[in-house]
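Coordinate inspection notes
For reference, the chains in residue letters:
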Amino acid sequence: MRLNRFICAATFGFLAATTTTVNADTWRFGLEEIEGSVQHSYAERFKALVEEKSDGEIDVQLLPYGKWGSSYSALYDAIQGGAIQLGFGSGALGGTVPESQLLNLNYIMPSDQWVTAQGLNSDTFLKSKAWQESFRKRSLVPLAALPEGYQVWTTNKAINTPEDIENLGIRVMDNSLLRATYKAYGASPTSIAYGELYSALQQGQAEGNIQPVFAHEEMAFYEVQDYMIFAQQSQFVATLIGNADWYDDLSADQQKMIDGITKTLVREGHDIQTQYNEERLETIKEKSDINIVELTEAQRDAFRKKAKPVRQIYIDEVGARGEQSLNALLSAFDEAAKGQ
């Protein structure tokens, strides 16, 4: 498979077998994506800034997808257990932190992606009691958010209305809220491992796919699909998480350093994803004859109405902390929009 070229021999089993007590001056940073991705570029900047501001006393070791294993849950388990100090968690993180599925809700984010980035990283949301507790209950701490661009659908037929997506076998990350969302649209969501997705699309085991543009390009999913549909339903958001015990054992100066670096990287992360997605879309257009479909506001409204009831499903599934986190996020978006 295409992904095999990126996978190294190291596995989570190897990491777990070494020890959970790592050199205090080495921070392992696990990524859900391969080298050359948005997460990797963000992590490279994080590494450079940590090593610069600590005068070289801290070494940040980057572990792209494959260097810790291939199951996202293995990465989250490693962070929870302390074998890896920090890393990214996105859609699949809902199995570990159910409240984190909030970031998979469709049509709650502003259309302006910079406003979204500001809101997600604001103290109003990121440091809200409910959001922090949701992670700390699982031995984790949320440190920042990295929006990686709009999620784009690829299919073998044009999608303009919810009727067009009826019964479509679309691949979603292993996340109950995403499955509920696409069932609300009328589709038939299925979960397939990222490393198996190209062949699944090629062989018709999945009829559609949801990824930010850069992922469609770097994994060449567009080669085996006929349409790219921009519905602006959600952005792909990765949460930077740390092991709670590791973070709490850092000095106050080190915690302050991380906070300052992640605040600096809000703008840089936004610029990185913007550049990646714009450049990768041009590459897709140059290398293929895929049909680009951009839904109108009226067409998006039809999907928006279908998606709105899923907010209550989220609240019913995860409880009070989920509802409080949703309210904090909506307030944060309002504040960011006003201060734009």
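Residues numbered from 1 in each chain as written. Predicted model: local features only at pLDDT ≥ 70, side-chain atom pairs only at ≥ 80, totals over all residues. Heavy atoms only, no water.

We now examine the packing of aromatic side chains. Applying the stated criterion across every chain yields a total of 16 aromatic pairs. With centroids separated by 5.5 Å and ring planes inclined at 45°, the aromatic side chains of Phe 29 and Phe 88 adopt a geometry described as tilted. Placement of the pair is Phe 29 in strand S1 (residues 26-30) and Phe 88 in strand S3 (residues 86-89), with a sequence separation of 59 residues. A residue is classified by how much of its surface remains accessible, and Phe 88, at 0% relative accessible area, is buried. Here a set of aromatic residues connected by ring pairs shows up, and it is made of Tyr 65, Trp 68, Tyr 72, Tyr 194 and Phe 221. The ring of Trp 114 has Arg 267 sitting right over it, with the charged end atom 4.0 Å from the ring centre. (Phe/Tyr/Trp six-rings, centres within 6.5 Å; stacked < 30°, edge-to-face > 60°. Helix = DSSP H or I, 4+ residues; strand = E, 2+ residues; numbered from the N terminus. Buried < 20%, exposed > 50% of the residue type's maximum accessible area, 1.4 Å probe, protein only. Lys NZ or Arg CZ within 6 Å of the ring centre and 35° of its normal.)

Glancing now at the packing of helix H4 (residues 113-120) against helix H14 (residues 320-338). The contact between H4 and H14 brings their axes to 8 Å, and the two run at 125°. In terms of their interaxial angle, H4 and H14 are classed as oblique. Between H4 and H14 lies a crossing of right-handed hand. Of H14, the residues touching H4 (which contributes Val 115, Thr 116, Gln 118, Gly 119 and Leu 120) are Leu 329, Ala 332, Phe 333, Ala 336 and Ala 337. (Axes fitted to C-alpha atoms, helices over the stretch in contact; angles between N-to-C directions. Parallel < 35°, antiparallel > 145°, perpendicular 65-115°, else oblique. Left-handed = near helix turned anticlockwise from the far one by under 90°. Contact = heavy atoms within 4.5 Å.)

Proximity of charged atoms lets side chains of opposite charge pair with each other. With the rule as written, the count across this model stands at 17 salt bridges. Across the pair Arg 136 and Asp 248 runs a salt bridge, and its minimum N-O distance is 2.9 Å. Taken together, the residues span a long stretch of sequence, with Arg 136 in helix H6 (residues 129-136) and Asp 248 in helix H10 (residues 244-249) at a distance of 112 residues. Ionic pairing is found between Arg 280 and Glu 217, a salt bridge with its closest N-O pair at 3.3 Å. Taken together, the positions of Arg 280 in helix H11 (residues 252-287) and Glu 217 in helix H9 (residues 213-218) put the pair 63 residues apart, joining distant regions of the chain. The class of Arg 280 is buried, set by a relative accessible area of 16%. A relative accessible area of 14% places Glu 217 in the buried class. Among the charged side chains, a salt-bridge network with shared partners connects Asp 123, Lys 127, Asp 259 and Lys 263. (Salt bridge = Lys/Arg side-chain N within 4 Å of Asp/Glu carboxyl O.)

Turning next to the environment of Ala 187. Residue position: Ala 187 is located in the loop between helix H7 (176-185) and helix H8 (197-202). By relative accessible area, which is 7% here, Ala 187 ends up buried. Separated by 23 residues in sequence, Ala 187 and Asp 164 have C-alpha atoms that sit 9.1 Å apart. The contacts of Ala 187, once residues within four sequence positions are left out, are Ile 165, Asn 167, Leu 168, Ile 170 and Tyr 182.

The subject of this paragraph is the side chain of Ser 37. Tracing the backbone through its elements, the reader meets Ser 37 in the loop between S1 and helix H2 (38-53). Separated by 2.7 Å, the side chain of Ser 37 and the backbone oxygen of Ile 34 make a polar contact. Reaching out from Ser 37, the side chain makes a polar contact with the backbone nitrogen of His 40 at a distance of 3.2 Å. Beyond its immediate stretch of four places on either side in the chain, Ser 37 contacts Phe 214, Glu 218 and Tyr 276. (Polar contact = N/O pair within 3.5 Å; in protein donor to acceptor, adjacent residues only side chain to side chain.)

We now examine the nonpolar core. One finds Trp 27, Phe 29, Leu 102, Trp 153 and Tyr 182 to be the most contacted residues of the largest nonpolar core, which totals 109 residues. Residue contacts for Tyr 182: discarding those within four places in its chain leaves Asn 106, Trp 153, Ile 165, Ile 170, Val 172, Ala 187, Pro 189, Ile 210 and Gln 233. (Core = buried A, V, L, I, M, F, W, Y, C linked by side-chain atoms within 4.5 Å.)

This part takes up the side chain of Gln 233. Within the secondary structure layout, Gln 233 lies in the loop between strand S6 (227-230) and strand S7 (235-243). If we skip the residues at most four places from it in the chain, Gln 233 touches Leu 105, Asn 106, Tyr 107, Gln 151, Trp 153, Tyr 182, Tyr 185 and Ile 210.

Attention shifts here to H6. Every buried residue of H6 is listed here: Ala 130, Trp 131, Gln 132, Ser 134 and Phe 135. Those residues of H6 hidden inside the fold are in contact with helix H5 (123-126), strand S4 (140-155), S7 and H14.

With that settled, the discussion passes to the packing of H2 against H11. The N-to-C vectors of H2 and H11 enclose an angle of 150°; their axes lie 9 Å apart at closest approach. Accordingly, the angle class assigned to the pair H2 and H11 is roughly antiparallel. By crossing handedness, the relation of H2 to H11 is classed as right-handed. In this structure, H2 contributes Val 38, Ser 41, Tyr 42, Arg 45, Phe 46, Leu 49, Val 50 and Lys 53 to the contact, and H11 contributes Met 257, Ile 261, Thr 262, Leu 265, Glu 268, Gly 269, Ile 272, Gln 273 and Tyr 276. A class-by-class count of the residues in the contact of H2 with H11 yields 10 nonpolar, 4 polar and 3 charged. (Nonpolar A, V, L, I, M, F, W, Y, C, P; charged D, E, K, R; others polar.)

As paired elements, S1 and strand S2 (residues 59-63) share 5 bridges and run parallel to each other. From the neighbouring strand, Phe 29 faces S2, where its bridge partner is Leu 62. Where the polypeptide runs from S1 across H2 and back to S2, its parallel neighbour, the crossover connection is right-handed. (Pairing = 2+ DSSP bridges. Right-handed = clockwise from strand over helix to strand, strands pointing away.)

Geometric descriptors of this kind do not, in isolation, establish any biological role.
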